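Chains, contacts and geometry: an overview
Listed below are the residues making up each chain.
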Amino acid sequence: MTLVSERSTRVQDFLRRPSEHAHDADPIQIEDLTVHFNDVLALDHVTFSLPGGLRTAVIGPNGAGKTTLFNIIAGTLAPGSGIVRIYGEKPRGHVCIAHVPQRSRVDWDFPASVADVVMMGRVRKIGLFRLPSRADWGYVHEAMQRVGVNDLQNRQIGDLSGGQQQRVFLAQALAQEAEIVLMDEPLTGLDLPSQEAIFNILEDLKSNGTTVMVATHDISMAAERFDHVLLLNHRLIASGPPAEALRPEMLLEGFGGHVHVLPGDVADILVTDDCCGGGE
Amino acid sequence: MAGILALLVEPFQYPFMLRALYAALIVGVATPVLGTYVVLRGMAFFGDALAHIILPGVVIAFLLGWPLVVGALAVGITAALLIGAISKHTDIKEDAAIGVVFAGAFALGVALISTQRSYAVDLAHILFGDVLGVSTADLWLMAGIAAVVLITIFAFYKEFLVLSFDPHLAATLRLPVGFLQNLLLVLLAAVLVLSIQAVGVALVLAMLVTPASTAYLLTRRLPVMMLYSAGMGVLSAVIGLLISFYWNVASGPAIVLVETAIFALVFVLAPGRGWLARWQTSREQRSASSYR
């Protein structure tokens, strides 16, 4: 049994309806965030703010603190010091954040169908002691339709391909009516058509005004496919549009010796070495 | 045909056998249904430990003349919360924390029993169950507990589903993860008390994990898994009691052996996931690849 050392919602908070939040504040605002695990520094005085509807790539080598940052935004990990505001409020009050899990974190043998997994996104909205209503099933079916897994709804999740599995979790985020979607290395190991399908869904999300953050160590993808880039290696090295944030000197600082700078179209980049295990 | 029917029905004309049947059925439904969560969350060791931990509670209640369930529940819940506290507030890993409490509590239980004159008999009943000695009052209490457990599982079905699938998802959905986990522990303590009456401390783990594991081999839907688990529990209870009656085998082990036999059968024969099906598939793959 794994007891969750993560933060837990108190029962009395759970019994209240989730509150609607003010939309005039930025979806994600972080000021001077510092996190230690025991004595190891994970995030070092990170400050940034993201306006709504932006597609942001968080790039950095493995162990740079990307997952930690996501857990804090998702409200499942307490920020060490600093201020984290989601739509102007503390993260824990929000049910509008979806955190698509890393593949390795999912129990693919779990006895649940595609529709079951998508419905999980609505559990909080359905509320205690209630069964999913017709409206809830409507959300679930619409979500499955939008990501194109409707035909697979009765299949067990372990039977799907990697790309289909990622889309199921995006459907779960849609069913949750998430306004902020966090994805941890969603494209690792996917073939090009599957990656393309995911990008189409992200496009769809963007047109709805959903804020999407994707953690990746694929620099060229970040440069080509995202509106905004956060370059992170414990410290926030750069935050801005790809052409600004991915300048060679920034990349050298972020990835250390693992980046070799070559002239390119978008910016002067890049051949990367993915074996960044030593850079922690 | 009539002869076989008589063989099946005759034992239950004895009141003690009928009470035993009811007890075994109550246990056979409630424990395997909760057991599906135990199997899915990998809590088998914890379940076994908790069964031993509640021993001192059972003994103290017995000595004071209280219903055994009350003592067991009190100790079980206290210990479960204690284990949670130890692993949360120290660097000790959870399975070690469980081990410490498990061994200490069980030793206390056995020490308490050893002060009694009827030591050997009592210990045997507690370790291996005494379903034939269940009283009518015990039955009502067991039925009540089982009903509460099943209703709670049903009421929190969605929340437990998310928690078992992914605790992190439960946290992002702002479900009360801590409360749900503690609730699961309380339910676990409750079904353990039920099962101890039927199969005893030493075999209680079988009621918890064997039918659910069998069901896991047969389906990939949680509600169906719960249904199959309960079915398997009921079937084993009836067959086990019959075997016990005709062949003069202790009832607890008989029930558990039937469960194990069903598991073995399903393990070999289950369509798609059984050993035979996997062997077949891997053979087909091998021969298919040899054509290339």
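These numbers were taken from a predicted model, which means no experiment stands behind them. (Residues numbered from 1 in each chain as written. Chains lettered and ligands numbered in written order. Predicted model: local features only at pLDDT ≥ 70, side-chain atom pairs only at ≥ 80, totals over all residues.)

**Details of the overall build of chain A**
Each helix and strand in chain A was counted, giving 10 helices and 11 strands. By sequence separation, contacts in chain A at least 24 residues apart represent 66% of the contacts at least 6 residues apart. (Helix = DSSP H or I, 4+ residues; strand = E, 2+ residues; numbered from the N terminus. Contact = placed C-beta atoms within 7 Å.)

**Structural notes on the overall build of chain B**
Of the regular secondary structure elements, chain B holds 15 helices and zero strands. Here the C-alpha atoms of chain B give a radius of gyration of 21 Å, agreeing with the 19 Å that 2.2 N^0.38 yields for 292 residues. In terms of overall dimensions, chain B has a C-alpha envelope of 75 × 60 × 30 Å along the principal axes. (Rg over C-alpha atoms; globule rule 2.2 N^0.38 Å.)

**Describing helix α2 (residues 66-74) of chain A**
Residue and element names in this part refer to chain A. Summarising burial for α2: nine of the nine residues are buried, a large majority. Among the residues of α2, Lys66, Thr67, Thr68, Leu69, Phe70, Asn71, Ile72, Ile73 and Ala74 are the ones counted as buried. Of the residues trailing α2, glycine 75 is marked for its positive phi of about 85 degrees. (Buried ≥ 20, exposed ≤ 12 C-beta atoms within 10 Å, placed from the backbone.)

**Considerations on the pairing of strand β8 (residues 228-233) of chain A**
A regular strand places its side chains on the two faces of the sheet in alternate fashion. Burial runs high along β8(A): six of the six residues are buried. Taking the residues that link successive antiparallel strands as the turn, the β8(A)-strand β9 (residues 235-240) of chain A hairpin has one residue, and the phi of A:His234 there is positive, at about 65 degrees. (Pairing = 2+ DSSP bridges.)

**Looking at the packing of helix α12 (residues 204-218) of chain B against helix α14 (residues 251-269) of chain B**
Residue and element names in this part refer to chain B. It is at 9 Å that the axes of α12 and α14 come closest, and there the two elements cross at 20 degrees. Taken as axis vectors, α12 and α14 run roughly parallel relative to one another. Between α12 and α14 lies a crossing of left-handed hand. Contact with α12, carried on its side by Ala206, Thr210, Pro211, Ser213, Thr214, Leu217 and Leu218, involves Val256, Glu259, Thr260, Ile262, Phe263, Val266 and Phe267 of α14 and no other residues of that element. Looking at side-chain class alone, the contact of α12 with α14 contains nine nonpolar, four polar and one charged residues. (Axes fitted to C-alpha atoms, helices over the stretch in contact; angles between N-to-C directions. Parallel < 35°, antiparallel > 145°, perpendicular 65-115°, else oblique. Left-handed = near helix turned anticlockwise from the far one by under 90°. Nonpolar A, V, L, I, M, F, W, Y, C, P; charged D, E, K, R; others polar.)

**What to know about the nonpolar core**
If you look at the biggest cluster of nonpolar residues, it comprises 172 residues, and the most contacted ones within it are A:Val118, A:Leu182, B:Leu50 and B:Ile54. Non-local contacts of B:Ile54, meaning those with residues more than four positions away in its chain, are made with B:Ala72, B:Val75, B:Gly76, B:Ala189, B:Leu192 and B:Val193. (Core = buried A, V, L, I, M, F, W, Y, C linked by C-beta atoms within 7 Å.)

**Thoughts on the pairing of strand β1 (residues 28-37) of chain A**
Residues and elements named next belong to chain A. Pairing between β1 and strand β2 (residues 40-50): seven bridges, direction antiparallel. Residue pairing for β2: histidine 36 is matched across the bridge by leucine 41. Once β1 ends, the chain turns through two residues before running back antiparallel as β2, passing asparagine 38 with a positive phi of about 50 degrees. In this sheet, strand β4 (residues 81-86) lies alongside β1 in antiparallel orientation, the contact comprising five bridges. Within β4, the position partnered with threonine 34 by the bridge is serine 81.

**Side note on the interface of chain A and chain B**
The interface of chain A with chain B comprises 33 residues on the first partner and 34 residues on the second. Listing elements by their share of the side of chain A that touches chain B, those giving two or more residues are α1 (11-15), β5 (97-100) and α4 (123-126) of chain A. Among the residues forming the side of chain A that touches chain B, the class breakdown is 19 nonpolar, eight polar and six charged.

**Points about the packing of helix α9 (residues 157-165) of chain B against helix α11 (residues 177-199) of chain B**
Residues and elements named next belong to chain B. Two numbers describe how α9 lies on α11: the axes approach to 11 Å, and their chain directions differ by 100 degrees. By the angle between their directions, the pair α9 and α11 is classed as roughly perpendicular. The segment α9 lies against α11, with Glu159, Phe160 and Leu163 engaging Val177, Leu180 and Leu184.

**A word on the sheet that holds β5(A)**
All names here are of chain A. Strand order in this open sheet of six strands is β5-β6-β7-β3-β8-β9, and the pairing throughout is mixed. Edge strands, defined here as strands with exactly one partner in the open sheet, are β5 and β9. Sheet twist, expressed as the average angle between the axes of neighbouring strands with direction ignored, equals 15 degrees. α2 contacts β3 (55-59), β5, β6 (180-184), β7 (211-216) and β8 of the sheet and is inclined by roughly 155 degrees relative to β6. Of the strands in this sheet, β5 and β6 are in contact with helix α6 (residues 162-175), which crosses β5 at around 170 degrees.

**With respect to helix α5 (residues 134-147) of chain A**
Residues and elements named next belong to chain A. For α5, which comprises 14 residues, the first-to-last C-alpha distance of 20 Å matches the rise-based estimate of 20 Å (1.5 Å per residue) to within 8%. Restricting attention to buried positions, one finds in α5 the residues Tyr139, Val140, Ala143, Met144 and Val147. Projected down its long axis, α5 shows its buried positions confined to an angular sector of 125 degrees, all on one face. Opposite the buried face of α5, at more than 90 degrees from it, the exposed residues are Arg134, Ala135 and Gly138. (Expected span 1.5 Å × (residues − 1). Arc of directions from axis to C-beta.)

**What about the environment of A:Ser194?**
With respect to the helices and strands, A:Ser194 occurs in helix α7 (residues 192-207). Through-space distance from the C-alpha of A:Ser194 to that of A:Gly138 is 26 Å; in sequence the pair is 56 residues apart.

**Some remarks on unusual backbone geometry**
All names here are of chain A. Unlike most non-glycine residues, aspartate 32 shows phi in positive territory, near 55 degrees. Among the structural elements, aspartate 32 can be located in strand β1. One non-glycine residue, glutamate 177, lies in the positive phi region at around 60 degrees. Inspection of the secondary structure assignment puts glutamate 177 in the loop between α6 and β6.

**Observations concerning the environment of B:Val258**
Residues and elements named next belong to chain B. Position of valine 258 relative to the elements: it lies in helix α14. For the pair valine 258 and isoleucine 243, spaced 15 residues apart in sequence, the C-alpha to C-alpha distance is 9.2 Å. In contact with valine 258, not counting residues within four places along its chain, are Ser236, Ile239, Gly240 and Ile243.

Read these as geometric descriptors, not functional statements.
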